[in-house]
Amino acid sequence: MNEKKAAQVKKLEAEFSELTQQIYTENDIVKKRKLIARRDKVRWKVTAIKNNRRISRETKRELIAYSFIAPNFIGFAVFTLIPIVFAFVLAFTNWDGNNAVTFVGLENFKSLPTDTFFLAALRNTIIYVLGTVPLTMVASLGLAILLNQKVKARGFFRTVAFFPYVASLVAITAVWSMMFHPSKGPVNYLLLTVLKVPQADLPKWFSGTLVLLTLILFSVWKYMGYYMVIYLAGLQGISPELYEAGGLDGANTWQKFRYITWPQLRSTTFFVVVMLTINCFKVYDIAVMLAGGGDGKLSTSATVLVYYIYQNAFNYWKLGYSSSIAMVLFVMVLIITLIQFRYQKKLEA
Amino acid sequence: MTNEMTGKKYKSKSKNALIGKIVVYLILFIIAAIMIVPFLWMLSASIKSNREVFLMDPFVWIPEVPKWNNYINIWTKIPLLKFVENTVFLTIVVTCLQLLTSSFAAYSFAKLEFKNKNLMFLAYIATIAMPWQVYMVPQFIMMRGMGLNDKLLAMICLQAFSAFGVFMMKQFYEGIPNDLCEAARIDGMNEYTIYAKIMLPLSKPALSTLTIFTFVSTWNDYLGPLIYLKTESKKTIQLGLRMFIGQYSSEYGLIMAGSVVSLIPVILVFLVLQKYFVEGVASSGLKG
């Protein structure tokens, strides 16, 4: 195919130069013009063939690039992008999943502020986020700094710290509910016998106001290992020369942390905080498994946004209302993400 | 005189260092204990009878007569084998699909030029921060419309094409010099061979990291299977175990035995791949 085209181009180019010769030698102005027009046609043909070839090579390159992307992108578009668009539409409707969809405008959003269960879910989720994010951040940073030093059995400590992160939630929440069992668990037993807490004052870890604290403690325990790894990666990116220079200037350990480590980790910290916040807003399983009891039902003291989204959708089949709660979740996460973008721009500037 | 003084100074400095070391190890041991005691307790409770689990005085880690039976009974009390089969199938298929399609797409985003590249990548980026919980309901309605309700295939579609995987692999590939691909192209390799022979072998840390993430999240997923899988024979191990806990909340020994069983696969995968993990996180731009 290519050879054929090359031969064609060669032939046309020969014709082109022959015509040029003729134009030079021709004296009759009318004939000359005709020759020039013919020559232009030939030139156009040559570029057409050449262009055509170039375009097809480009198309081929693009097709290869698309063929790499297609398997993932098609799945991604069908199962993620379309449902996201669908979710935005759904929030403005009233639908039970079977009968006709009716658009109700902002009706769903208007009833949110008077829904006490929604308000409790929103409040609990925010308290959970505000408690879990700083605690996990501090714990994982501290652990990462300790494990970035030359300590023996470093690998062992890292693995152990990461263990809760990979362990399945169902299994470890089962252990926690036994260990923190209000009347029989070993934690309260230790409080009773070692710390001499009176029997009546023993904390009921999974009910009342205390349940949010238990959820926060559990989350710190489960997730600090993961964020520790991210911090470790950040710490390894700090040049050792900075510490050497600091040492020469007589900086002590605290000063080294305050003036070298902390500023150098700024972008890592921001990433950790944003990821943590987003993940904390998604809390559902932890609450259901620790505070939900056998049937997995949450009371107002332990309910969270995702639980209410699930309830409205799959128990009451109020899909529109459920989606409007999902939008509240989305807007909060969006705000966090936007703050991150602005902050990172500021860092780069 | 001066020698003596510097000697003294050196001595006190090394003494301080020693105290510092001791404090560091003490903290590390306490944290390690907090991290690992629940797991030891789980192991211990899994071979105890229901009465022995909460027996505090005297507390023993290994009871005199270990109830190994818990590990046998759990398989007959609930269809645990079926649950394990379903979960293993799901996890392997999802992880393989995720690794293949993500690294494939990421190669194109990182090393090839094409129209709408930025637009398409933006679509991925925009959804990374979007919690799945926001669109899980419309997604379910859509899948139900496609006849995927109560099918394992629904779980595969749900988890195999994540934006996160593409993003992570792309960040890693961008760290590999373009000259390497260019040289391979001059040698007459086509893009598919470059991907398979050069990029894939170089991306072990990123692939290991993605494997750990995907494996762990698929194996441990609870809300997804809860929405989609209704028939008992299709349930995953998390769902099955949770169901068992709901029904027999006082069968402590059996619950713990089931929990131990559910932990083994993820821990194995993690131990095998963990040496690449920190490197993978560091080099794939996860730290921001």
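Bear in mind that the values here come from a model prediction, so they are computed numbers and not experimental data.

A few words now on the overall build of chain B. Within chain B, the regular secondary structure consists of 15 helices and 0 strands. Seen through its C-alpha atoms, chain B measures out along the principal axes to roughly 85 × 70 × 35 Å. A burial count over chain B gives 43% of its 288 residues as buried. Restricting the contact set of chain B to residue pairs at least 6 apart, pairs at least 24 apart contribute 79%.

The next point concerns the overall build of chain A. Looking only at helices and strands, one finds 14 helices and 2 strands in chain A. Structurally, chain A occupies a C-alpha span of about 120 × 75 × 35 Å along its principal axes. Counting over 349 residues, chain A shows a buried share of 36%. Sequence-distant contacts, at least 24 apart, represent 68% of the contacts inside chain A between residues at least 6 apart.

With that out of the way, let us pick up the environment of A:Phe109. Tracing the backbone shows A:Phe109 in helix α3 (residues 107–111). Along the chain, A:Phe109 and A:Ser324 lie 215 residues apart, while their C-alpha atoms are 6.2 Å from each other.

Here the focus is the interface of chain B and chain A. Listed per partner, the contact involves 74 residues of chain B and 77 residues of chain A. Ranked by the residues each element gives to the side of chain B that touches chain A, the list is headed by helix α1 (residues 2–45) of chain B, at 14 residues. Grouping the amino acids of the side of chain B that touches chain A by side-chain chemistry returns 56 nonpolar, 14 polar and 4 charged.

Moving on to the domain arrangement of chain A. In many reports, interface size means the accessible area that the parts give up when they come together. Assigned domains of chain A: these are domain 1 (3–90) and domain 2 (110–348). Relative placement of domain 1 of chain A and domain 2 of chain A: their C-alpha centres are 57 Å apart.

Turning next to the packing of helix α4 (residues 116–147) of chain A against helix α8 (residues 210–236) of chain A. Residue and element names in this part refer to chain A. Taken N-terminus to C-terminus, the directions of α4 and α8 make an angle of 40 degrees; their axes are 6 Å apart at the nearest point. It follows that α4 is oblique to α8 by the angle criterion. The interaxial crossing formed by α4 with α8 has right-handed handedness.

Attention now moves to the domain arrangement of chain B. Examined at the domain level, chain B breaks down into domain 1 (2–45) and domain 2 (72–285). On a C-alpha basis, the centres of domain 1 of chain B and domain 2 of chain B stand 39 Å from each other.

Moving on, we get to the confidence of the model for chain A. Mean pLDDT over chain A works out to 86, with 97% of the residues at or above the 70 mark. Averaged pLDDT values for the elements of chain A fall to 82 in helix α2 (residues 29–90) of chain A and rise to 94 in α4(A).

The phi angle of most residues is negative, glycine excepted, and most peptide bonds adopt the trans form. A positive phi is found at A:Ala153, a non-glycine position, where the angle reads about 60 degrees. Here A:Ala153 lies in the loop between α4 and α5 (154–166). One non-glycine residue, B:Asn116, adopts positive backbone phi at about 65 degrees. Summarising the element assignment, B:Asn116 is placed in the loop between α4 (80–111) and α5 (117–128).

Residue and element names in this part refer to chain B. In the predicted model, chain B carries a mean pLDDT of 85, and 92% of its residues have values of at least 70. Taken together, the stretch residues 1–5 has pLDDT below 50 and engages in 0 contacts with residues farther than four places along the chain or on a different chain. At the level of chain-chain contacts, confidence expressed as ipTM amounts to 0.84, with global pTM at 0.82.

Attention shifts here to the nonpolar core. Counting residues in each nonpolar core, the largest one holds 164 residues, and the members touching the most others are A:Met228, A:Ala287 and A:Tyr307. The dominant element in this core, judged by the number of residues it contributes, is α8(A), at 17 residues.

This part takes up helix α6 (residues 132–145) of chain B. Residues and elements named next belong to chain B. Here α6 is 14 residues long and its end C-alpha atoms lie 19 Å apart, about the 20 Å a rise of 1.5 Å per residue gives. Along α6, the sharpest change in direction is near 35 degrees and occurs at Pro138. Along α6, the residues classified as buried are Gln133, Val134, Tyr135, Met136, Val137, Pro138, Gln139, Phe140 and Met143. Looking one or two residues past α6, Gly147 carries a phi angle of roughly 75 degrees, positive in sign.

The description of two packed helices rests on the angle between their axes and on the distance between the axes. Residues and elements named next belong to chain A. Between α4 and helix α13 (residues 305–315), the least distance of the axes is 8 Å, while the angle of their chain directions is 145 degrees. Between α4, through Phe117, Phe118, Ala121, Leu122 and Thr125, and α13, the contact on the second element is made entirely by Leu305, Tyr307 and Tyr308. Broken down by class, the residue content of the contact of α4 with α13 amounts to 7 nonpolar, 1 polar and no charged.

Right, let's talk about the environment of A:Ile286 for a bit. All names here are of chain A. Within the secondary structure, Ile286 is located in helix α12 (residues 285–291). Considering only alpha carbons, one finds Ile286 and Ile172, 114 residues apart in sequence, at a separation of 9.9 Å. Excluding residues within four positions of it along the chain, Ile286 makes contact with Leu169, Thr173, Leu215, Phe218 and Ser219.

Procedures and definitions
Residues numbered from 1 in each chain as written. Chains lettered and ligands numbered in written order. Predicted model: local features only at pLDDT ≥ 70, side-chain atom pairs only at ≥ 80, totals over all residues. Helix = DSSP H or I, 4+ residues; strand = E, 2+ residues; numbered from the N terminus. Buried ≥ 20, exposed ≤ 12 C-beta atoms within 10 Å, placed from the backbone. Contact = placed C-beta atoms within 7 Å. Nonpolar A, V, L, I, M, F, W, Y, C, P; charged D, E, K, R; others polar. Domains from an automatic or database assignment. Axes fitted to C-alpha atoms, helices over the stretch in contact; angles between N-to-C directions. Parallel < 35°, antiparallel > 145°, perpendicular 65-115°, else oblique. Left-handed = near helix turned anticlockwise from the far one by under 90°. pLDDT = per-residue confidence, 0-100. Core = buried A, V, L, I, M, F, W, Y, C linked by C-beta atoms within 7 Å. Expected span 1.5 Å × (residues − 1). Bend = angle between axes of the 7 residues up to and from the residue.

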